[in-house]
Structures are given as structure tokens and as C-alpha cells.
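Residue-level structure breakdown
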Amino acid sequence: MPCELCTTLAQSRAGGDPSHIADLAESTLILSAPQGCPGWSVLILNGHHEHLESLDPARRARLFEDLMRAAAAIRTAFPEVTRLNYACLCNQVPHLHWHLIPRRPADPPGAVWSWPEDQQRGRSAAAARDAAVEAIREAFRVGRPERRP
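Summarised in this report is the structure supplied together with it. (Residues numbered from 1 in each chain as written. Predicted model: local features only at pLDDT ≥ 70, side-chain atom pairs only at ≥ 80, totals over all residues. Heavy atoms only, no water.)

**Regarding helix H2 (residues 57-77)**
Just so we agree on the cut-off: Here a strand is any run of E in DSSP of at least two residues, a helix any run of H or I of at least four, and the numbering for each starts at the N terminus. Multiplying 1.5 Å by the residue count of a helix minus one yields the expected span of that helix. Each residue's exposure class comes from its accessible area (1.4 Å probe, protein chains only) as a fraction of the maximum for that residue type: buried when under 20%, exposed when over 50%, partly exposed otherwise. Contact definition: two residues touch when any of their heavy atoms are within 4.5 Å. Definition of a polar contact: a pair of N or O atoms within 3.5 Å, with one able to donate and the other able to accept a hydrogen when the atoms are protein atoms, and with sequence-neighbouring residues admitted only if both atoms are side-chain atoms.
Taking 1.5 Å as the rise per residue, H2 with 21 residues should run 30 Å; its terminal C-alpha atoms sit 30 Å apart, in good agreement. Buried within H2 are the following residues: Arg 59, Leu 63, Asp 66, Leu 67, Ala 70, Ala 71, Ala 72, Ala 73, Ile 74, Arg 75 and Ala 77. Check the buried side of H2 and you find it contacts strand E2 (27-31), strand E3 (41-45), strand E4 (83-87), strand E5 (97-103) and helix H4 (126-141). A distance of 3.0 Å separates the backbone nitrogen of Ala 58 from a side-chain oxygen at the start of H2, and that oxygen is part of Asp 56.

Dropping the structure here:
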């Protein structure tokens, strides 16, 4: 059975994927299908690996730098965000990836996975999704996004 995220990466690299945000040193950043929290993105390790400890230390360090750059870009793109949740579970799809979930003061409490499915999914029209992708891309274009406290 093919890996869902390996397929996602192949499609993203083939071009024309409107959810593709950025190719980083060891990973690819895409806008997540669920948009219950606008800007919810997924950082996917390039190449199929299931366990973080199996990566060599240099690659692991580059991957964490990618994660920090992606987080900073999301926070730069959405200044109203007060928290950014990081989730690397790999339970349903055993390919290393992180959900970066921007949280705002008006969000319901708790993990997004405890929300009703329609609330997780959100109601983002294509134009809103495209605007989120472009805002995060722009944060990368203007230089290394600043890390905020």
C-alpha cells in the first residue's frame, strides 16, 4: 500500500498543487486540507522515514531548522496568531510530518482533534486557501521570518 504522504510529495513536486507552500532543506510545506484554524499547514519530510531517531543527526538538525522556519513563516503571515500547535503523531500516516496549527484567541479550547469534524475541516473557500498559501509564501520571500517570543 503506497504511503499517502509520499504520494502527496510526488504530486506537489509535479507542480500545479495549489496547497504547495515551500520546498525546504529536508521537507516540503503544504497547506493542510483541514482549515478549521486558517493557515493550518503540514511539514512533510522528503523521503519516507517513519522514526525521527532513524535520521542521521545532521539531517535531523536540518529538519528541525525547516520546522522552525515554517513556524516563523506561519506566525509572520498571521500576526493575530497567539499560539502555534505542533503535532508529530504519525499514527494514521507513518511518514514523519508535523501539523503546524495556528491558534487564535477565539478558538475553542483543547486539541483540534477533539473538535467536531466539520469544525476541524473549516469552511475555507478556494480563494481563502490561496490567500493563506500566498501569505505564508510571502513570509518566506521577504527573508528569514523572525522568531517571535
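Once you've had a look at it, read on.
**Thoughts on the packing of H2 against H4**
Short version of the rule: Angular values range over 0 to 180 degrees, each being the angle between N-to-C directions of two axes fitted as lines to C-alpha atoms, with helices fitted over their stretch in contact. For a crossing to be left-handed, the near helix must be turned anticlockwise from the far one by less than a right angle; the clockwise case is right-handed. Gly is put with the polar residues, along with every residue not named as nonpolar or charged; the nonpolar set is Ala, Val, Leu, Ile, Met, Phe, Trp, Tyr, Cys and Pro, and the charged set is Asp, Glu, Lys and Arg.
It is at 8 Å that the axes of H2 and H4 come closest, and there the two elements cross at 115°. You can see that H2 and H4 cross each other, and the crossing is right-handed. Here H2 contributes Arg 69, Ala 70, Ala 73, Ile 74, Thr 76 and Ala 77 to the contact with H4, which in turn contributes Ala 135, Ile 136, Ala 139 and Phe 140. Among the residues making up the contact of H2 with H4, the classes are represented as eight nonpolar, one polar and one charged.

**What to know about the environment of Val 42**
With respect to the helices and strands, the residue Val 42 is situated in strand E3. With relative accessibility at 6%, the residue Val 42 sits in the buried group. The spatial distance from the C-alpha of Val 42 to the C-alpha of Leu 100 is 6.0 Å, given a sequence separation of 58 residues.

**Here we look at the packing of aromatic side chains**
Heads up, the condition is: Any two of the Phe, Tyr and Trp rings considered here, Trp counted by its six-membered ring, make a pair once their centres fall within 6.5 Å; the pair's planes then place it as stacked at under 30 degrees, edge-to-face at over 60, or tilted in between.
Enumeration over the complete set of coordinates arrives at two aromatic pairs. Here Trp 40 and Trp 113 contribute two aromatic rings whose centre-to-centre distance is 5.9 Å and whose plane-to-plane angle is 85°, an arrangement assigned as edge-to-face. Taken together, the positions of Trp 40 in the loop between E2 and E3 and Trp 113 in the loop between E5 and helix H3 (117-121) put the pair 73 residues apart, joining distant regions of the chain. Its relative accessible area of 1% is what places Trp 40 among the buried residues.

**A closer look at the pairing of E3**
This is how it is decided: The pairing criterion is simple: DSSP has to find at least two bridges between the two strands.
By the criterion of burial, E3 is predominantly enclosed, with five of the five residues buried. Neither face of E3 is exposed, since Ser 41, Leu 43 and Leu 45 on one face and Val 42 and Ile 44 on the opposite face are all buried. In this sheet, E3 lies alongside E2 in antiparallel orientation, the contact comprising five bridges. By the bridge assignment, Ile 30 is partnered in E3 with Val 42. Pairing between E3 and E5: four bridges, direction antiparallel.

**Let's talk about H4**
What counts is decided by this rule: Regarding the arc, it is the one traced by the directions from the helix axis to the C-beta atoms.
For H4, which comprises 16 residues, the first-to-last C-alpha distance of 22 Å matches the rise-based estimate of 22 Å (1.5 Å per residue) to within 8%. Where H4 is concerned, the buried positions are Ala 132, Val 133, Ile 136, Ala 139 and Phe 140. Down the axis of H4, the sector holding all buried residues measures 120°, keeping them to one side. Residues of H4 that are exposed and angled more than 90 degrees away from the buried face: Ala 126, Ala 127 and Arg 141. Next to the buried residues of H4 lie strand E1 (20-23), E2, E3 and H2.

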